[in-house]
Amino acid sequence: MSAGGAFGGTRGARPIPPEKGVFPLDHMHECDLEKRDYLGCLKSSGHKSEKCRHFSKKYLECRMAKNLMAKQEMSELGFSKDSEVESCGEKEEYTEMIKV
């Protein structure tokens, strides 16, 4: 039998910290609107995240503005001006779906 831990892990192995560090949870619900928009977009698009990038960007911007995560350039998080332009039509399409 293995000498691993109760849950299959190896004892004494050092945990690896997350790449971006630790950030606080949104206990005060300061970015709930942005989160709901993003999750609603994912649901309506069949969980195709590329169609909801603009909502993801807004959510991350909200978290940075409220000091819920470290401030970073959006380009460091995978966003560029080109992706913003491409997603504008998708944003209007999603907004129309919500109104119906």
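Placed above this text is the structure.
Here the structure is a predicted model, which means the values were calculated and not measured. (Residues numbered from 1 in each chain as written. Predicted model: local features only at pLDDT ≥ 70, side-chain atom pairs only at ≥ 80, totals over all residues. Heavy atoms only, no water.)

The subject of this paragraph is unusual backbone geometry. Trans peptide bonds make up the majority, and among non-glycine residues the majority have a negative phi. Phi at His29 is positive, roughly 60°, even though this residue is not glycine. With respect to the secondary-structure elements, His29 resides in the segment before helix 1 (32-44). Given the relative accessible area of 51%, His29 is considered exposed. Backbone geometry at His47 places phi at a positive 60°, although glycine is not the residue there. Checked against the element boundaries, His47 lands in the loop between helix 1 and helix 2 (53-65). (Helix = DSSP H or I, 4+ residues; strand = E, 2+ residues; numbered from the N terminus. Buried < 20%, exposed > 50% of the residue type's maximum accessible area, 1.4 Å probe, protein only.)

On to the side chain of Asp26, then. For Asp26, the location among the structural elements is in the segment before helix 1. Despite being buried, Asp26 has no salt bridge partner; Arg63 is the closest side chain of opposite charge, sitting 5.1 Å away. Within the local environment of Asp26, its side chain forms a polar contact with the backbone nitrogen of Cys31, the two atoms lying 2.8 Å apart. Not counting residues within four places of it along the chain, the set of residues in contact with Asp26 comprises Cys31, Asp32, Arg63 and Leu68. (Lys, Arg positive; Asp, Glu negative; His and termini not counted. Salt bridge = Lys/Arg side-chain N within 4 Å of Asp/Glu carboxyl O. Polar contact = N/O pair within 3.5 Å; in protein donor to acceptor, adjacent residues only side chain to side chain. Contact = heavy atoms within 4.5 Å.)

Time to look at the state of the cysteines. Disulfide: a covalent bond connecting the sulfur atoms of a pair of cysteines. Tallied over the full model, the rule gives 2 disulfides. Two residues, Cys31 and Cys62, share a disulfide whose sulfurs are 2.1 Å apart. Judged by the sign of its S-S torsion, about -90°, the cystine formed by Cys31 and Cys62 is left-handed. A residue pair is termed long-range when its members are at least 10 positions apart, and Cys31 in the segment before helix 1 and Cys62 in helix 2 qualify at 31 residues. Like Cys31, the residue Cys62 is buried in the burial classification. Paired by a disulfide, Cys41 and Cys52 hold their sulfur atoms 2.1 Å apart. One quick way to see it: the torsion about the S-S bond of Cys41 and Cys52 is about -90°, and its sign makes the bridge left-handed. (Disulfide = S-S within 2.5 Å.)

Bringing the packing of helix 1 against helix 2 into the picture now. Between helix 1 and helix 2, the shortest axis-to-axis distance is 9 Å and the interhelical angle comes to 160°. Taken as axis vectors, helix 1 and helix 2 run roughly antiparallel relative to one another. As helix 1 runs across helix 2, the sense of the crossing is left-handed. Only Phe55, Ser56, Lys58, Tyr59 and Cys62 of helix 2 make contact with helix 1, whose side of the interface consists of Glu34, Lys35, Asp37, Tyr38 and Cys41. When the residues that make up the contact of helix 1 with helix 2 are grouped by side-chain class, the tally is 5 nonpolar, 1 polar and 4 charged. (Axes fitted to C-alpha atoms, helices over the stretch in contact; angles between N-to-C directions. Parallel < 35°, antiparallel > 145°, perpendicular 65-115°, else oblique. Left-handed = near helix turned anticlockwise from the far one by under 90°. Nonpolar A, V, L, I, M, F, W, Y, C, P; charged D, E, K, R; others polar.)

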